[in-house]
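Reading the structure
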Amino acid sequence: MKSSRSNSQSVLTPFRVAALCGVLATALAAPSIAQEKVLRIAMTAADVPRTLGQPDQGFEGNRFTGIPMYDSLTQWDLSSYDNASVLLPALATSWEVNPNDKTKWIFKLRNDVKFHDGSPFNADAVVWNVQKVLDQKSPQFDASQVGVTASRMPTLRSARKIDDFTVELTSSEPDAFLPINLTNLFMASPTQWQAKLKAVPASVTDPAERAKQAWIAFASDASGTGPFKMDRFVPRERVEMVKNPNYWDPKRMAQVDRVIAIPMPEANARTAALLSGQVDWIEAPSPDAIPQIESRGFKLYSNPQPHVWPWQLSFAEGSPWLDKRVRHAANLCIDREGLKTLLGGQMGIPKGTVPPGHPWWGNPSFDIRYDPEAAKKLMAEAGYTAAKPMKTKVQISASGSGQMQPLPMNEFVQQSLKNCNFDIEFDVIEWNTLFTNWRKGAKDPSANGATATNVSFAAMDPFFAMVRFGSTKAYPPVSNNWGYFGNEEFDKLIANARTSFDGKERDAALAKLHARIVEEAPFIWIAHDTGPRAMSPKVKGVVQPKSWFIDIAPMSIE
Amino acid sequence: MLNFLVRRIVYTIPIMLGVALVCFGLVHIAPGDPLVSILPPDASVQLQEQLMELYGFNRSLPEQFLSWVYRAMHGDLGTSIATGRPVTEEVMKAVGNTLRLAWVATVIGFVFGCLFGFVAGYFQNSWIDKLASATSVLGVSVPHYWLGMVLVIIFSSTLMWLPPSGAGEGGSDIWIWNWAHVKFLILPAVTMSVIPMGIIARTVRALVAEILSQEFIVGLRAKGMTDLGIFLHVVKNAAPTALAVMGLQLGYLLGGSILIETVFSWPGTGFLLNSAIFQRDLPLLQGTILVLATFFVALNLLVDVMQTLLDPRIARG
């Protein structure tokens, strides 16, 4: 008996029980450990945005192959639905302008970051990445990355290493916007690129061709510092990224194991892919499909973006928009709530280029609202009545990136304006042509007699939101001041903003500029896009910020 | 025969040069900036000029054309502006995917086209004939991108039986002929097959009707042959023409379909062309059109040679 008891005790010792429980728990948990958490996304792009560090395909590229795989020196805060997306440190911990020479900036870098290939991120890497797009003599210079990068940081000229974790950036003129522009320069791994360069066959002797081939190879086996690492790339079909467990920012540590991004340019195909369970997330569902998507239990996310869908007005000689009363009348005459209903609610109602509450808002004295009576009164004062309406032509496109639903939206605006004695004729042209004409200006024959153009734009950065539309230095063909708006007052406001190096001072100067732009109304502000996207209810932790971008890292999937 | 062959091959040289010229000219006549896919409109004039020079777009059009033709003759169709990848590689991969889709669509179209055609022809003027004829007319008439969307709504969105788009869970690079991949092929292939199916069905129906009215059929009946036996004779007589029609349809399908491949995100030549057009990627657009045109010229050459082999009088003519 004793012996038997002794035996049973030896079989069921606390240690063994605990071990057994552990084995059972592991066995039960095994399926969840084995099951990889995969987030599948259908993008609107017709091809996978470039993966080599400087994505193409507009901001969709930054959203899906830029921000997830790479970091920049500065980044946008994408953590809030309600607050404006503001600038944060990223690979740079701090920065300041040289008080004696305001074309030079000192950036202090993080010292705990490694690229996906294990090589360290440091000042050499920053210099190398600046050179890849700005220094034609550097071996890693890549013409194909220049356009999408240099245009978004127009004043950056060079970079110089001060020490391992300090770098000096030089701009062509004092420019307080430079830290904002740097969100567009993603840091690719020099070590990985060198490895790809070495692997180029020796038979290729032309250095430019060798560099090109190295970049092609790098794009298929990319290395950045972001929360996701590239795992698989099938051109035109998919890019697969896996979690980077060594990511430097614990707040942005990836919560899913794998992200698969698939190009799916056709809106109905994207909707079908979501409804059939082929993907968990689709970008830009067509407004007609939204009720069906929601009725099937999928979640719709949207938030007004820093995007403006306007009519940009001409100030060239003879333009009817030279009269400020007419410009104000047009802004007061559009039933934006009605337009929003037409778009199934997927539209933000603008009060200016940026919304109230934004650091650059500035509280303008002109209130953009729907007030047809006030609009008619202004039109009458300007000499336009029902018997003698203001006749003019507007160039629009039938489609285009960021253009939302240009035909029905423009027709709606045309009808709205008709009630206030505007007689609008459309010149509908192909999107790329409209885009190209934007640089040629209202005085160019390509305007074909139009006194307004309908090209939507991103308004994340002060240069792209305001400066290029208000500076006399941005008249065509230099930049996009299509309508030749601007004068000494605006040039001064812009110069003031550009040379306010303290963040708060800069925002205050930009707020003054914004307020004056709204008051002078060089645009008819019609809509903000809301960036609608539909997701499976299995996707959790989604925060759609007031931005063109969205952070995939904190999202999880059940 | 050898002379004929050499002559026909020599004839293809001016044809190919003409094709290259038309394709280059049309692409460059289209309005817009050739660098639009990599250069935002807010880029400075200096940057625009710098890139025009780096990509060689600042050279005269004849100079650009000659340089492109020279490189194309060496198998180099240039580099895609938008992706930086070699155009030849992109086009060849797409051609492979389109071939896969076209073959399956042709088989479906041929099998069902012949079935409907034979049945309709054999039971002429009966309700079966009317049903089969209506189906074939529908196949020829229905806009196939619309049919594609309807099939997606039924079989993907509603029943969730088949995936609506793509070329396999892992992409077309790792294509295997198993269910996991073939299920991606079914909807685009069925959609693509309706036109050849309709054409083959109508051709076969007419053929069968004509064969059935011939004297040898009466003779066979008089000899007491069974309906099945007669049917087999009809099939044997109609087959060469049906095969010839199928060959033509295969050629047509191999050109790819922009609409179907876009609806189903099938990474073939049609999808590639669509992407190149929307990104205004001139080297990719020129390269894809040139490869497809070369393919048709080669196909025509092959047909000419085969016809000559079968009927030597053509060579003498």
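Here, residues in each chain are numbered from 1, in the same order as that chain's written sequence. Key to labels: chains lettered from A, ligands numbered from 1, both in the order written. With the structure being a predicted model, the display of local features is reserved for residues of pLDDT at least 70 and the display and counting of side-chain atom pairs for 80 or more, all residues being used for whole-chain, interface and lining totals.

As for the overall build of chain B
Strands are runs of DSSP state E lasting at least two residues, helices are runs of H or I lasting at least four, and both sets are numbered from the N terminus onward. Of the regular secondary structure elements, chain B holds 13 helices and zero strands. Referenced to the eigenvectors of the C-alpha coordinate spread, the extents of chain B come out at roughly 90 × 60 × 35 Å. Split into buried and exposed, the 317 residues of chain B put 40% on the buried side. Counted over contacts in chain B with a minimum sequence separation of 6, partners at least 24 positions apart contribute 72%. Exposed residues have 12 or fewer other C-beta atoms within 10 Å of their own C-beta, buried residues have 20 or more, and residues in between are partly exposed; the C-beta atoms are placed from the backbone. Two residues qualify as being in contact provided that their C-beta atoms, derived from the backbone, are within 7 Å of each other.

Quick look at the nonpolar core
Judged by nonpolar contacts, the single largest core of 233 residues is most densely connected at Ile-41, Val-126, Val-259, Ala-261 and Ala-329 of chain A together with Ile-200 and Val-204 of chain B. Excluding anything up to four places from it in sequence, Ile-41 of chain A contacts Phe-64, Val-259, Ile-260, Ala-261, Ile-262, Val-279 and Trp-281 of chain A. Note on terminology: a nonpolar core is any set of buried Ala, Val, Leu, Ile, Met, Phe, Trp, Tyr and Cys residues joined through C-beta atoms within 7 Å.

Let's talk about the interface of chain B and chain A
The interface of chain B with chain A comprises 46 residues on the first partner and 44 residues on the second. When contributions to the side of chain B that touches chain A are tallied by element, the ones reaching two or more residues are α2 (45-54), α6 (144-158), α10 (258-263) and α11 (269-278) of chain B.

As for the confidence of the model for chain B
All names here are of chain B. pLDDT is defined as a per-residue confidence score from the predictor, taking values between 0 and 100. For chain B, the average pLDDT comes to 86, and 95% of its residues sit at 70 or higher. Per-element confidence in chain B is highest for helix α7 (residues 179-212), whose mean pLDDT is 92, and lowest for helix α13 (residues 313-316), whose mean pLDDT is 65. In the predicted assembly, ipTM is 0.80 and pTM is 0.84.

Describing the packing of helix α4 (residues 123-134) of chain A against helix α5 (residues 143-150) of chain A
Residue and element names in this part refer to chain A. Two numbers describe how α4 lies on α5: the axes approach to 7 Å, and their chain directions differ by 100 degrees. As judged from the angle between their axes, α4 and α5 are roughly perpendicular. Residues Lys-132, Val-133 and Leu-134 of α4 lie in contact with α5, whose contacting residues are Gln-145, Val-146, Thr-149 and Ala-150. Angles shown run from 0 to 180 degrees and are taken between the N-to-C directions of axes, each axis being a line fitted to C-alpha atoms and, for helices, limited to the stretch in contact. Roughly parallel means an angle under 35 degrees; roughly antiparallel, over 145; roughly perpendicular, 65 to 115; everything else is oblique.

Some points on unusual backbone geometry
For the bond from Pro-476 of chain A to Pro-477 of chain A, the omega torsion is 5 degrees, close enough to zero to count as cis. As for its placement among the helices and strands, Pro-477 of chain A is situated in the loop between α16 (462-470) and α17 (488-498). One non-glycine residue, Asn-125 of chain B, adopts positive backbone phi at about 70 degrees. With respect to the helices, strands and loops of the structure, Asn-125 of chain B is situated in the loop between α4 (87-122) and α5 (127-141).

Brief notes about the environment of Gly-383 of chain A
Looking at where Gly-383 of chain A falls in the secondary structure, it is placed in the loop between α13 (372-381) and β14 (390-397). Considered as a pair, Gly-383 of chain A and Ile-494 of chain A are 111 residues apart in the sequence and their alpha carbons are 34 Å apart.

Here we look at the sheet that holds strand β4 (residues 92-98) of chain A
Residues and elements named next belong to chain A. Strands are labelled as partners when DSSP assigns at least two bridges between them. The sheet built from four strands is open, its strands ordered β4-β5-β7-β6 with antiparallel pairing. Looking along the sheet, the strands with just one partner apiece sit at the ends: β4 and β6 (156-163). Geometrically, the sheet is characterised by an average inter-axis angle of 25 degrees between neighbouring strands, direction not taken into account. Here α4 sits on the sheet in contact with β5 (101-109), β6 and β7 (166-171), set at roughly 160 degrees to β6.

Details of the confidence of the model for chain A
For residues with low pLDDT, the predicted coordinates do not support detailed interpretation. All names here are of chain A. On average, residues of chain A carry a pLDDT of 91, and 94% of them reach 70 or more. Below pLDDT 50 for its whole length, residues 1-12 participates in one contact with residues either more than four positions away or in separate chains. Counting contacts from residues 25-33, a segment whose pLDDT is below 50, to residues more than four positions away or on other chains yields zero contacts.

Re the pairing of strand β1 (residues 38-43) of chain A
All names here are of chain A. In terms of residue burial, β1 counts as a mostly covered element, since five of its six residues are buried. Pairing geometry for β1 and strand β10 (residues 258-263), over six bridges, is parallel. Residue pairing across strands places Arg-40 opposite Ile-260, the latter belonging to β10. Pairing geometry for β1 and strand β11 (residues 281-283), over two bridges, is parallel. Across the sheet, the residue bridging to Ala-42 is Ile-282, located in β11.

Points about helix α11 (residues 324-332) of chain A
All names here are of chain A. Summarising burial for α11: seven of the nine residues are buried, a large majority. When α11 is considered as a whole, its buried residues turn out to be Val-326, Arg-327, His-328, Ala-329, Ala-330, Asn-331 and Leu-332. Turning to α11, the residues buried within the fold contact β13 (307-313), α13, β14, α14 (406-418), β15 (422-429) and β18 (523-527).

Remarks on the environment of Leu-248 of chain B
Residue placement: Leu-248 of chain B occurs in helix α9 (residues 227-254). With 205 residues separating them along the chain, Leu-248 of chain B and Ala-43 of chain B place their C-alpha atoms 48 Å apart.

Focus on the packing of helix α1 (residues 2-29) of chain B against helix α3 (residues 61-73) of chain B
Residues and elements named next belong to chain B. Following both chains from N to C, one finds α1 and α3 inclined at 130 degrees, their axes separated by 11 Å at the closest point. Judged by the angle between their axes, α1 and α3 are oblique. The crossing of α1 and α3 is right-handed. Two secondary-structure elements touch here, α1 through Ala-20, Phe-24 and His-28 and α3 through Leu-61, Phe-65, Trp-68, Val-69 and Ala-72. Side-chain classes follow a simple rule in which Ala, Val, Leu, Ile, Met, Phe, Trp, Tyr, Cys and Pro form the nonpolar group, Asp, Glu, Lys and Arg form the charged group, and the remainder, Gly included, forms the polar group. Looking at side-chain class alone, the contact of α1 with α3 contains seven nonpolar, one polar and no charged residues. Crossing handedness is read from the near helix: turned anticlockwise from the far helix by less than a right angle, it gives a left-handed crossing, and turned clockwise, a right-handed one.

Comments concerning the sheet that holds strand β9 (residues 238-243) of chain A
Residue and element names in this part refer to chain A. The seven strands lie next to each other as β8-β9-β10-β1-β11-β19-β12, forming an open sheet whose pairing is mixed. Each end of this open sheet is capped by a strand with a single partner; those strands are β8 (228-234) and β12 (299-301). The mean inter-strand angle of the sheet, taken between neighbouring strand axes irrespective of direction, is 20 degrees. Here β12 runs beside strand β19 (residues 533-535); their pairing, made up of three bridges, is antiparallel. Residue Lys-299 lies in a different strand from β19, and its bridge partner there is Met-535. Contacting β1, β11 and β19, helix α9 (residues 267-275) runs over the sheet at an angle of about 165 degrees to β11.

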